[in-house]
Protein chains: 2
Amino acid sequence: MTQPVLVELWRGDIVESFHRGALAVVDTAGVVLRQGGDIERPVYARSAVKGLQALPLVASGAADRFGLTHEELALACASHGGQPEHVAAAASMLAKAGLDADVLECGVHWPSNEQASRALAASGEAPCALHNNCSGKHSGFACLGALMAGDADRARGLLRGYVEPDHVVMREIGASLESATGVRLADAPRATDGCSIPTFGFPLRALAHAFARFGTGVRFTPERARAAGRLREAVAAAPLMVAGKGRLDTRLMTHFGARVFCKVGAEGVYCAALPELGLGIALKMDDGNNARAAEVAVVALIESLLALDDVDRAFVSPLRDVELRNWNGRLVGRLAAAADFVRSAR
Amino acid sequence: MTQPVLVELWRGDIVESFHRGALAVVDTAGVVLRQGGDIERPVYARSAVKGLQALPLVASGAADRFGLTHEELALACASHGGQPEHVAAAASMLAKAGLDADVLECGVHWPSNEQASRALAASGEAPCALHNNCSGKHSGFACLGALMAGDADRARGLLRGYVEPDHVVMREIGASLESATGVRLADAPRATDGCSIPTFGFPLRALAHAFARFGTGVRFTPERARAAGRLREAVAAAPLMVAGKGRLDTRLMTHFGARVFCKVGAEGVYCAALPELGLGIALKMDDGNNARAAEVAVVALIESLLALDDVDRAFVSPLRDVELRNWNGRLVGRLAAAADFVRSAR
């Protein structure tokens, strides 16, 4: 199946590059309200479901037990840039559970925020697991493990190998995904994510449905509905923690607050919840090469769905039709939602 | 027209992302020997034609006049990583013409090589135009301008605004593109490149034809045929200068020497010449998001066209079927030429 063109890059007077993909908008009952392309093919959700993966941290009572703040809960849902505030929040989560960065099994990379990366290099330090963009999610797993274990010493033992699919912590995370998406994980394609935890392939329809429920709590258990509400509140209160300076998730939620909960994933995946409409969004660009096209597409969808005032419109318009400037600041092109896509979305 | 899938990213047991594109393999007479997708649609050649843009530097006599070395001529054809040796070679080119980095109009960015970028930050310095990946090309333009001007003082005046399409230097560069591709620039779409010079839209057929001629000198004037030979020799002798540590162009030409002249461009463009076969290759991935798919595709084409021994095969195979490892070094997937593409290429 050839997927529709969702995003085009214009340079001069012609389209230089274009991005195909698929998208689903689904309500809490699972009704597909809008679709483009194949929404039944399994798509690895990657980091787009970190919110769903953080539900057990709250629903279990671990977030309360360790007194996690909005900032820390937002970081548990984050693909962060490794800015100093991100690193500090991950370290704080671990410290509250009596742990440190040694328990993290996410691997090490330089901060994805270039400024943070250069500042770290300039300080003469090397990155550690806390700088990994997934360190908040993993620190959340560690807090969950610490609650299960009862004390910090036992937690260190219990957490060994927590990234493996059959580990007691990862089974909790899997159960959360399963119940939110309605997809049996045993039937889903499984692979290993960048941070070594399993990632599962879900139809976009199921991912969008999961986000409709995450955004409303509808058809969740009371504990998980409350947990979803608390995570949404946390990210709305601390949007810098869920991504970072200049990043789309941070910008959208700084502007819209709790009206939008959105999360980028690797390989061109984006998921979002629009709680006031009871809708979930999931999309995936075929090429998945980086986030640029998925970002424009998710903005176009949000723009077409939410009731917006003039301030909102002025905010989203340059994110749906992005000016491209070169190293001298010259306007050289635009990255924009394809006209057909914008029309069909209205 | 829906283009064929050329490259697939596998994660676990399913295709996670895939890349469509078009390609042309053309001989010196302009005969299309292989094609996939639309090879008549104009494609901005971007940095893939830096070799063609460097021809006037040599054919004019400027390279001889200023005693440019293999390293410096390779840098004139380069999208380099801003490693110290790249920066030094650009500065040396300018110094030989009595100029310095102040004449460069390419703009400033941090070195694209991450290690070089962090080392620069650690040294407390900021990047300058010499770190721009195009600084070698622009230093070549400056040398050409210096030859035209006669002395360095006049050159500084003459070079002002050299990135503009109607500047005397840029007209020479345009004439070189026009004669190599056989496309009248007045008929081609024109836009502004990342480094502020004009970039033109050429059919892949014409780009591949230009590279067949660049690789052989066939149907070039004697001066330009000699210039092409000298640039090919320079890049084969100093392949680190044309890209940088770990980069595909550097790796391919380090291995194959003068048997391959290849050059990546922005937005998923790749061009290559295979002189011993008298063939040129041009391809463009639709999504153009970064080089990963174009790299795999060009390797698959080179592999299918060149006569290879066992050592060659062992070298190219992992570049055509690339292991993807995560932050913990775990094998998580593969980026590989699509089976249909590989079959049709044989």
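Residue indices begin from 1 for each chain and proceed along its sequence in written order. All chains are assigned letters beginning at A, and all ligands numbers beginning at 1, according to the order in which they are written. Only residues with pLDDT of at least 70 get local features here, since the model is predicted, and only at 80 or more are side-chain atom pairs given and counted; chain-wide, interface and lining totals rely on the full set of residues. Excluded from the side-chain calculations are hydrogens and water; all other atoms, namely the structure's heavy atoms, are used.

Chain A is annotated in an unreviewed UniProt entry as Asparaginase from Scleromatobacter humisilvae.

**Q** Honestly, the overall build of chain A in this entry has me stumped. Any pointers?
**A** Where helices and strands are cited, they refer to DSSP runs of H or I of at least four residues and of E of at least two residues respectively, numbered from the N terminus. Scanning chain A for helices and strands turns up 15 helices and 11 strands. With C-alpha atoms as the basis for the radius of gyration, the globule rule is written as 2.2 Å multiplied by the number of residues raised to the power 0.38. Taking 2.2 N^0.38 as the reference for a compact globule, 346 residues should give roughly 20 Å; the C-alpha atoms of chain A span a radius of gyration of 19 Å, in line with that estimate. Considering only C-alpha atoms, chain A reaches an extent of 65 × 50 × 35 Å along its principal axes. Taken over 346 residues, chain A has a buried fraction of 62%. Two residues form a contact once any of their heavy atoms are found within 4.5 Å. Within chain A, contacts between residues separated by at least 24 positions form 64% of all contacts whose residues are at least 6 apart in sequence. Summing over all exposed atoms, chain A offers an accessible surface of approximately 12,000 Å²; the carbon and sulfur share of this is 51%. Charge centroids of chain A, computed over 37 positive and 38 negative side chains, lie 2 Å from each other. Using a 1.4 Å probe on the protein chains alone, a residue whose accessible area is under 20% of its type maximum counts as buried, one over 50% counts as exposed, and one in between counts as partly exposed. All accessible areas in this document rest on Shrake-Rupley with a 1.4 Å probe, and a residue is counted as covered only by the protein chains that are shown. Counted as positive: Lys and Arg. Counted as negative: Asp and Glu, with His and the chain ends omitted from the count. Taken as the charge centre is NZ of Lys, CZ of Arg, CG of Asp or CD of Glu, depending on the residue.

**Q** Can you help me understand helix α10 (residues 222-237) of chain B in this one?
**A** Because an α-helix completes one turn every 3.6 residues, residues spaced three or four positions apart along the sequence face the same direction. Residues and elements named next belong to chain B. For α10, spanning 16 residues, the distance from its first C-alpha to its last is 22 Å, which sits close to the expected 22 Å at 1.5 Å a residue. Of the residues making up α10, those classed as buried are R224, A227, A228, L231, R232, A234 and V235. The buried residues of α10 occupy an angular sector of 160 degrees when the element is viewed end-on, so they sit on one face. Away from the buried face of α10 by more than 90 degrees, exposed residues P222 and R226 are located. Take the number of residues in a helix, subtract one, and multiply by 1.5 Å to get its expected span. What the arc measures is the spread of directions leading from the helix axis to the C-beta atoms.

**Q** Please clarify how the sheet that holds strand β4 (residues 42-44) of chain A should be interpreted in this entry.
**A** Where strands meet in a sheet, backbone hydrogen bonds hold them as pairs that are either parallel or antiparallel. Residues and elements named next belong to chain A. Judged by pairing direction, the sheet is antiparallel, and its 3 strands sit side by side in the order β4-β6-β5 without closing on themselves. What marks the edges here is a single partner per strand, and that holds for β4 and β5 (190-192). Here the strands of the sheet are splayed against their neighbours by 35 degrees on average, with no regard to which way each runs. With axes taken as lines fitted to C-alpha atoms, and helix axes fitted only over the stretch in contact, angles between N-to-C directions fall between 0 and 180 degrees. Strands in contact with helix α10 (residues 204-216) are β4 and β6 (198-203); relative to β6, the strand with the most contacts, it is inclined by about 100 degrees. Any two strands with at least two DSSP bridges between them are considered paired.

**Q** Which parts of the structure should I look at to understand the nonpolar core?
**A** Note on soluble globular proteins: their nonpolar side chains tend to be buried together. What we call a nonpolar core is a set of buried Ala, Val, Leu, Ile, Met, Phe, Trp, Tyr and Cys residues that are connected through their side-chain atoms within 4.5 Å. Counting residues in hydrophobic clusters, the biggest one holds 120 residues, and the most contacted among them are A:L52, A:L99, A:L252, A:I281, A:L283, A:V298 and A:F341. Considering every element that reaches this core, the biggest residue donor is helix α13 (residues 292-305) of chain A, with 10 residues. Within the second largest apolar cluster, 119 residues are counted, among which are B:L130, B:F200, B:F202 and B:V242.

**Q** Whenever I open this one, the interface of chain A and chain B confuses me. Can you help?
**A** By a widely used convention, the size of an interface equals the accessible area lost when the partners come together. Each side of the interface is counted separately: chain A has 53 residues, and chain B has 52 residues. Summed over both partners, buried area is the accessible surface (1.4 Å probe) that two parts give up on being assembled. Regarding the contact of chain A and chain B, the summed buried area is about 4,200 Å², with carbon and sulfur atoms giving 46% of it. By salt bridge we mean one thing: a side-chain nitrogen of Lys or Arg within 4 Å of a carboxyl oxygen of Asp or Glu. On the surface where chain A and chain B come into contact, there are 6 salt bridges. In this structure, the salt-bridge partner of B:E164 is A:R330, at a minimum N-O distance of 2.6 Å. Any N or O atom pair separated by 3.5 Å or less is treated as a polar contact, with the protein-specific requirement of one donor-capable and one acceptor-capable atom, and with residues adjacent in sequence counted only for side-chain atom pairs. At the junction of chain A and chain B, the tally comes to 36 residue pairs in polar contact (both at pLDDT 80 or more). Of all elements in the fold, only β1 (5-11), β2 (14-27), β4, α6 (114-122) and β5 of chain A reach the threshold of two or more residues within the side of chain A that touches chain B. The dominant element in the side of chain A that touches chain B, judged by the number of residues it contributes, is β2(A), at 7 residues. Residue composition of the side of chain A that touches chain B, by class: 18 nonpolar, 18 polar and 17 charged. Each residue gets one label: Ala, Val, Leu, Ile, Met, Phe, Trp, Tyr, Cys and Pro are nonpolar, Asp, Glu, Lys and Arg are charged, and the others, such as Gly, are polar.

**Q** I would appreciate a short explanation of the side chain of A:D193 in the present structure.
**A** Relative to the elements of secondary structure, A:D193 occurs in the loop between β5 and β6. Looking at A:D193, the relative accessible area reads 6%, which means it is buried. Excluding residues within four positions of it along the chain, A:D193 makes contact with A:R46, A:S47, A:T199, B:R11, B:N326 and B:V332.

**Q** Would you explain unusual backbone geometry in this entry?
**A** When glycine is set aside, most residues are seen to have a negative phi, and most peptide bonds are trans. Residues and elements named next belong to chain A. The backbone of R46 sits at a positive phi, close to 50 degrees, despite the residue not being glycine. Relative to the elements of secondary structure, R46 occurs in the loop between β4 and α1 (50-53). The residue E267 is not glycine, and still its phi comes out positive at about 60 degrees. Position of E267 among the secondary structure elements: in the loop between β7 (261-265) and β8 (269-274).

**Q** Got a minute to help me understand the pattern of salt bridges in this structure?
**A** Should the charged atoms of two oppositely charged side chains come close, the side chains can pair. All names here are of chain A. Under the definition given, this model contains 34 salt bridges over all chains. Across the pair E114 and R118 runs a salt bridge whose closest N-O atoms are separated by 3.5 Å. Note that E114 and R118 are positioned in helix α6 at a spacing of 4 residues, about one turn of the helix. Of the residues examined, R118 reaches a relative accessible area of 13% and is grouped as buried.

**Q** Before we go on, may I ask you to explain the sheet that holds strand β4 (residues 42-44) of chain B in this structure?
**A** Residue and element names in this part refer to chain B. On the basis of which strands lie adjacent, the open sheet formed by 3 strands has the order β4-β6-β5 and antiparallel pairing. Each having just a single partner strand, β4 and β5 (190-192) make up the two edges of the open sheet. For this sheet, the mean angle separating the axes of adjacent strands, direction not counted, is 35 degrees. Strand direction decides the pairing type here: β5 and strand β6 (residues 198-203), joined by 3 bridges, are antiparallel.

**Q** What's the story with the packing of helix α9 (residues 168-181) of chain A against α10(A) in this structure? I'm lost.
**A** Packed helices, taken two at a time, are described by the angle their axes make and the gap between the axes. Residues and elements named next belong to chain A. At their nearest, the axes of α9 and α10 sit 8 Å apart, and the two run at 95 degrees to each other. Here α9 is positioned roughly perpendicular relative to α10, judged by the angle of their axes. In contact with S179, A180 and T181 of α9, α10 contributes A206, L207, A210 and R213. Its residues placed into classes, the contact of α9 with α10 shows 4 nonpolar, 2 polar and 1 charged. Each angle gets one of four labels, with under 35 degrees taken as roughly parallel, over 145 as roughly antiparallel, 65 to 115 as roughly perpendicular, and the rest as oblique.

**Q** Help me understand the environment of A:L306 in this model?
**A** Residues and elements named next belong to chain A. Among the structural elements, L306 can be located in the loop between α13 and α14 (310-320). Classification of L306 by relative accessible area gives buried; the value is 5%. Residues L306 and V260, 46 residues apart in the sequence, show an inter-C-alpha distance of 9.2 Å. Excluding residues that lie within four positions of it along the chain, L306 makes contacts with F256, R259, V260, L274, E276 and L277.

**Q** Got a minute to help me understand α9(A) in this structure?
**A** Residues and elements named next belong to chain A. An ideal rise of 1.5 Å per residue puts 20 Å on 14 residues; α9 measures up with 20 Å between its terminal C-alpha atoms. Buried within α9 are the following residues: V169, M170, I173, G174, S176, L177, A180 and T181. Across the axial projection of α9, the buried residues extend over an arc of 155 degrees, all falling on one side. Directly beyond the C-terminal end of α9, a positive phi value near 75 degrees is found at G182.

**Q** Explain the pairing of β8(A) here, please?
**A** Moving residue by residue along a regular strand, the side chains alternate between the two faces of the sheet. All names here are of chain A. Of all 6 residues that make up β8, 6 are buried, and the element is covered over most of its length. A two-sided burial pattern is seen for β8, the buried positions comprising V269, C271 and A273 on one face and Y270, A272 and L274 on the other. With 5 bridges connecting them, β7 and β8 associate as antiparallel partners. By the bridge assignment for β8, K263 is matched with C271. Taking the residues between adjacent antiparallel strands as the criterion, β7 and β8 are bridged by 3 residues, where E267 takes a positive phi near 60 degrees. Across 6 bridges, the pairing between β8 and strand β9 (residues 279-285) is antiparallel. Each bridged residue has a counterpart across the sheet, and for V269 the counterpart in β9 is K284. Between the antiparallel neighbours β8 and β9 lie 4 residues, among them G278 with a positive phi of about 65 degrees.

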